[in-house]
Every structure is written in structure tokens, then in C-alpha cells.
Amino acid sequence: MELRLTQDGTPTLFHPGYGEAYHPRQGALLQARRLYLEKTLTHLHPAPRVLEVGFGLGVNFRVALESALLRGVRLSYLAVEREPLPRELLAQIPLPLPRAEEVFADLLRAWPIPSFQGPWGELRVLFLDVREAVLPSCWATAVYLDPFSPKANPEAWSLPVLLKLRKSLKRGGRLATYSAQGAFRRALREAGFAVHRVPGVGKREWTVGIARGAPPG
Ligand SMILES: C[S@@+](CC[C@H](N)C(=O)[O-])C[C@H]1O[C@@H](n2cnc3c(N)ncnc32)[C@H](O)[C@@H]1O
């Protein structure tokens, strides 16, 4: 895997199998903050419970953690990751988030580990394909849908996966993703989300889904 610098100065990796980087060239930290943290309102929630598809380099996790630590709220974070990266690679992705980096350094000493806790809250990682993962019902306040693109990684964007994510999300909870693909948006609607196009930063549009009513089925 090749290490690359994104335009906000934070690093990412290029995955040769998918032919894509883990983060957009505009900025790994920028996307984590402006899209995943803020568009799901995680940064305002008094007790955020985040469900993530694709833990990757843990950038989104560290951004959510820094926000929770600064606000003094407890974070519960459940990630699904079928290809965990080795700790030596993760250690090469430092972020300018001093509080979260302290916790992340402790996490790396134990990595890969399915459950990691501290006074800040809890991280659980299901080392599985999201299609096989059993997720808690009506649990999450936010979903970070962050696989590789629908073209390179289609199964992670499929209707069965979106239905599963909807069932795990509380009513009114928000799903955020960088993809604006039409087929994906239609499937998101079918899975029980009100679908909103939101202006992206460094990209024309992102997508936010708000969990409507009871999940279908
Ligand atoms: C774009 S990267 C995620 C970046 C990450 N969210 C971060 O903050 O650094 C996509 C991740 O999704 C994972 N992934 C792709 N398909 C998956 C699947 N079907 N089930 C679980 N994880 C998957 C990949 O292994 C990869 O780590």
C-alpha cells in the first residue's frame, strides 16, 4: 500500500486491489469532520453511538473521539471492517488530534482487538464483511457509510446492507456518505431513508439519509 498526502496535509493510503485511496485527495481529516462528524450531527449529540462501515485507517473514529473528548461526552463506536490494516501501517497515519491520538496509541498497542474501552467510551470492531455482520437493532445515532466507491466495492452499498443499517439506526438518526451515485440513492430511499443531497466540500454533492418511521419489513 502506498502512503499519500491529501490536500489538508493529512495522510491516506492507496489500496491497489480497489484502485482507490482510502480518502479523497481534498483531505482525509476534512472529509471526516465536515461530512461524517458534522452531517450526522455527531458533534452535537450528548451520547453519540456511531456505526461505521469501513474502519480503514480510523480517521473517522479519531475525529468522532476528539469531538467527544473535547465536549466531555461518552462515545460508543461500532465499526465493521473485513480487512483490518496492520498496526505498523496505522501507526504511519498520525492526525493533528492530540487527545484522540493518545487513545489511538493505546489502541494500536492492542490492535487488532474486537473491543477497546476507556473513560472516553467504547470501540467495538466486527472483523467481518458487513453483509455477514449482525448489528444491534435501533442502536445507532449515526451511520458513517464509508466503503470504497460503489463502482469498486458494490456489495457494501447494496439494498440488503442499507436495510440492515436502517434497522440499526434509531428513528431520526442520520447516515452520511460521500457517494452521490443515483442507484445508491434510490436504494437508500427504498431502505427507509429520506434522502438529501448536500453540498460537499471539495466535491459537488454528498448524501445524507435520515431514518424515516419504522424500518421497512
Ligand atoms: C474508504 S476506506 C474507509 C476509511 C475509514 N472510514 C477511515 O476513517 O479511515 C473503506 C474501508 O471499507 C472496508 N470494506 C470494504 N468493503 C467492506 C465490506 N463488505 N465489509 C466490511 N468492510 C468493508 C475496506 O476494507 C476499507 O477499510
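Just above sits the structure.
I will try to describe carefully the structure that is included in this document.

Quick notes on the rules
- Residues numbered from 1 in each chain as written.
- Predicted model: local features only at pLDDT ≥ 70, side-chain atom pairs only at ≥ 80, totals over all residues.
- Heavy atoms only, no water.
- Buried < 20%, exposed > 50% of the residue type's maximum accessible area, 1.4 Å probe, protein only.
- Helix = DSSP H or I, 4+ residues; strand = E, 2+ residues; numbered from the N terminus.
- Pairing = 2+ DSSP bridges.
- Phe/Tyr/Trp six-rings, centres within 6.5 Å; stacked < 30°, edge-to-face > 60°.
- Near = heavy atom within 4 Å.
- Polar contact = N/O pair within 3.5 Å; in protein donor to acceptor, adjacent residues only side chain to side chain.
- Areas by Shrake-Rupley, 256 points an atom, 1.4 Å probe, with all protein chains shown as cover.
- Axes fitted to C-alpha atoms, helices over the stretch in contact; angles between N-to-C directions.
- Left-handed = near helix turned anticlockwise from the far one by under 90°.
- Contact = heavy atoms within 4.5 Å.
- Nonpolar A, V, L, I, M, F, W, Y, C, P; charged D, E, K, R; others polar.
- Core = buried A, V, L, I, M, F, W, Y, C linked by side-chain atoms within 4.5 Å.

### As for the pairing of strand β5 (residues 75-80)
Strand residues, when the strand is regular, have side chains that alternate between the two faces of the sheet. With 6 of its 6 residues buried, β5 lies for the most part within the structure. Covered by surrounding structure in β5 are L75, Y77 and A79 together with S76, L78 and V80, the residues of both alternating faces. Where strand β4 (residues 49-53) and β5 come together, 5 bridges link them in parallel fashion. Looking at β5, one finds that E52 is bridged to A79. Taken together, the 6 bridges between β5 and strand β7 (residues 121-126) define a ladder with parallel strand orientation. Each residue of the ladder has a partner; that of A79, found in β7, is V125.

### Looking at the environment of G200
As for its placement among the helices and strands, G200 is situated in the loop between β10 (193-199) and β11 (205-211). The sequence separation of G200 and A180 amounts to 20 residues, and the corresponding C-alpha distance is 9.8 Å.

### Quick word on the sheet that holds strand β3 (residues 20-21)
What the 3 strands build is an open sheet, ordered β1-β2-β3; its pairing is antiparallel. One side of each edge strand has no neighbouring strand; the edge strands of this open sheet are β1 (2-5) and β3. Inspection of the sheet shows β1 paired to strand β2 (residues 11-15) by 4 bridges, in the antiparallel sense. Directly across from E2, in β2, lies its bridge partner F14.

### Digging into the packing of aromatic side chains
Here the structure, examined in full by the defined rule, presents 12 aromatic pairs. Aromatic pair F61 and Y77: ring centres 5.0 Å apart, planes at 75°, arrangement edge-to-face. Note that F61 is positioned in helix α2 (residues 59-71) and Y77 in strand β5, a separation of 16 residues in sequence. Of the two residues, F61 and Y77, both sit in the buried class. Arranged with centres 6.1 Å apart and planes meeting at 80°, the rings of Y77 and Y144 form a pair that is edge-to-face.

### Topic: the site of the ligand
Near the ligand, the surroundings consist of 23 residues, among which G54, N60, E81, V130 and D146 are the closest. R82 places a polar main-chain atom, nitrogen or oxygen, 3.3 Å from a nitrogen atom of the ligand. Between the ligand and V130 there is a distance of 2.9 Å, counted from a nitrogen atom to a backbone nitrogen or oxygen. Surface burial for the ligand is 99%, taken as the share of its 610 Å² of free accessible area covered by protein chains.

### What about the packing of helix α1 (residues 28-39) against α2?
The N-to-C vectors of α1 and α2 enclose an angle of 65°; their axes lie 9 Å apart at closest approach. In this structure, α1 crosses over α2, and the sense of that crossing is right-handed. Between α1 and α2, the residues in contact are A28, L29, A32, R33, Y36 and L37 and V59, N60, V63, A64 and S67, respectively. Its residues assigned to classes, the contact of α1 with α2 comprises 8 nonpolar, 2 polar and 1 charged.

### Considering the environment of V59
Positionally, V59 belongs in helix α2. Sequence separation of V59 and T12 is 47 residues, and the distance between their C-alpha atoms is 9.2 Å. Here V59 is in contact with H23, A28, L29, A32 and L95, once residues within four sequence places are set aside.

### A closer look at unusual backbone geometry
Cis geometry marks the peptide bond from W111 to P112, where omega comes out at -5°. In this fold, P112 is placed in the loop between α4 (98-110) and β6 (115-118). Its identity as a non-glycine residue notwithstanding, L41 has a phi of 65°, on the positive side. Take L41: it is sitting in the loop between α1 and β4.

### A closer look at the nonpolar core
In terms of nonpolar packing, the biggest core is built from 71 residues, with L51, F61, Y77 and L165 touching the most fellow members. Apart from residues no more than four positions distant in its own chain, F61 is found in contact with F55, L75, Y77, F104, L107, W120 and L123.

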